[in-house]
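Now for the letters of each chain:
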Amino acid sequence: MSINIETVKSYLLSLQDDICQQLAAEDGSKEFFTDNWQKEEVAGVDALSGGGRTRVMEGGAVIEKGGVNFSHVKGEKLPASATAYRPELAGRSFQALGVSLVIHPNNPYVPTSHANVRCFVAEKEGEEPVWWFGGGFDLTPFYLDEEDAVHWHQQSKNACDPFGKDVYNKYKEWCDEYFYLKHRSETRGVGGLFFDDLNSDTFGWNFDKCFNFMQSVGDHYIKAYRPIIAARKGLEYGKRQRDFQLYRRGRYAEFNLAFDRGTIFGLQTGGRTESILMSLPPLASWKYDYHPEPGTEEAKLYDYLTPREWL
């Protein structure tokens, strides 16, 4: 079986380019600045080497803070977060590469969005490599327009349909389960797609077909998100809407710091902290025992923070 990491890397870099160009065009005031970085291997049980290309926009007309990060890291030993549920990976060296992004708009009527696509390969001399793909995208609105949620899920389904009629339902359900704040008993937003450990055992697909699926998900993110930005970025808002946006951003921070696998993996392996935590919003707030007034726009959001069918 042929595993071509360089082909995967080339696609991921081009995906990062395309997403940044399209988001900058939609913002209209700024470009993403580029931070190329290298992490030299140092002594330590879980040390990483490798590098990446982090792109960040702050203070744009539309995007308050956005990060689109490419990384390709290597290590001689996996951290506990990886081997705890995959003990067969113990003693293997590994490579992990992917694109991960989070966009926090200024306007509370424009949802926050997240996406990532990634590839993982673990190797041991004398044994077949272990590989898989993962990724997905999800939408976190503050003031929900149902048309946006339907459009988002239609693009999610479009990404999956060429690969089988059950693929969207499987990964839509997994997204609802994964982006769930257990301590709040609510979903982070309206979901989308989430998949992990995609390899030949999942659907019987070979490496190339799994890679093709990852590309389809990556390519459909901007098709899903850009029209929503365009439709909502000009809506007027005031202090009330801004305050609610900052309060709900607190939920986003809670999930990323407490549950997100990528954050935990990166921190446990001594990854680059600035790139790992670029997903956090620039501003957020927490209020003690806050409950929105019944019948308000703010209260309406909570009706949607449970798994549901959008199509």
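This section reports on the structure supplied with the text. Being a predicted model, the structure only gives us computed values, none of them experimental. (Residues numbered from 1 in each chain as written. Predicted model: local features only at pLDDT ≥ 70, side-chain atom pairs only at ≥ 80, totals over all residues. Heavy atoms only, no water.)

Of note, Ser216 is situated in helix α6 (residues 207-232). According to the relative accessible area criterion, Ser216 is buried, its value standing at 12%. Along the primary structure Ser216 and Cys175 are separated by 41 residues, whereas in three dimensions their C-alpha atoms are 17 Å apart. Non-local contacts of Ser216, meaning those with residues more than four positions away in its chain, are made with Ala159 and Phe163. (Helix = DSSP H or I, 4+ residues; strand = E, 2+ residues; numbered from the N terminus. Buried < 20%, exposed > 50% of the residue type's maximum accessible area, 1.4 Å probe, protein only. Contact = heavy atoms within 4.5 Å.)

Bringing the pattern of salt bridges into the picture now. Enumeration over the complete set of coordinates arrives at 20 salt bridges. Residue Arg184 pairs with Glu254 through a salt bridge whose shortest N-O separation is 2.7 Å. Remark: Glu254 occurs in helix α7 (residues 239-258) and Arg184 occurs in the loop between β7 (180-181) and β8 (186-187); sequence separation between them is 70 residues. Classification of Glu254 by relative accessible area gives buried; the value is 14%. Taking the shortest distance from any N to any O, the salt bridge between Lys239 and Asp243 comes out at 2.7 Å. Pair noted here: Lys239 and Asp243 are both in helix α7, with a separation of 4 residues, about one helical turn. Overall, the relative accessible area of 64% leaves Lys239 in the exposed class. Assessed through its relative accessible area of 25%, Asp243 is described here as partly exposed. Through salt bridges that share partners, Asp17, Arg53 and Arg55 make up one connected network. (Salt bridge = Lys/Arg side-chain N within 4 Å of Asp/Glu carboxyl O.)

Counting 56 residues, the largest nonpolar core has Phe133, Phe213 and Tyr221 as the members making the most contacts within it. In contact with Phe213, not counting residues within four places along its chain, are Ala159, Cys160, Phe163, Val167, Tyr171, Phe195, Leu198 and Trp205. Grouped together as the second largest cluster of nonpolar side chains are 11 residues, Val73, Ala96, Phe120 and Val130 included. (Core = buried A, V, L, I, M, F, W, Y, C linked by side-chain atoms within 4.5 Å.)

On to the side chain of Arg232. Inspection of the secondary structure puts Arg232 in helix α6. Of note is the side chain of Arg232, whose polar atom sits 3.2 Å from the side chain of Asp145. A distance of 3.0 Å separates the side chain of Arg232 from the side chain of Asp148, its partner in a polar contact. Excluding its chain neighbours within four sequence positions, the residues that come into contact with Arg232 are Asn107, Tyr109, Val110, Asp145, Glu147 and Asp148. (Polar contact = N/O pair within 3.5 Å; in protein donor to acceptor, adjacent residues only side chain to side chain.)

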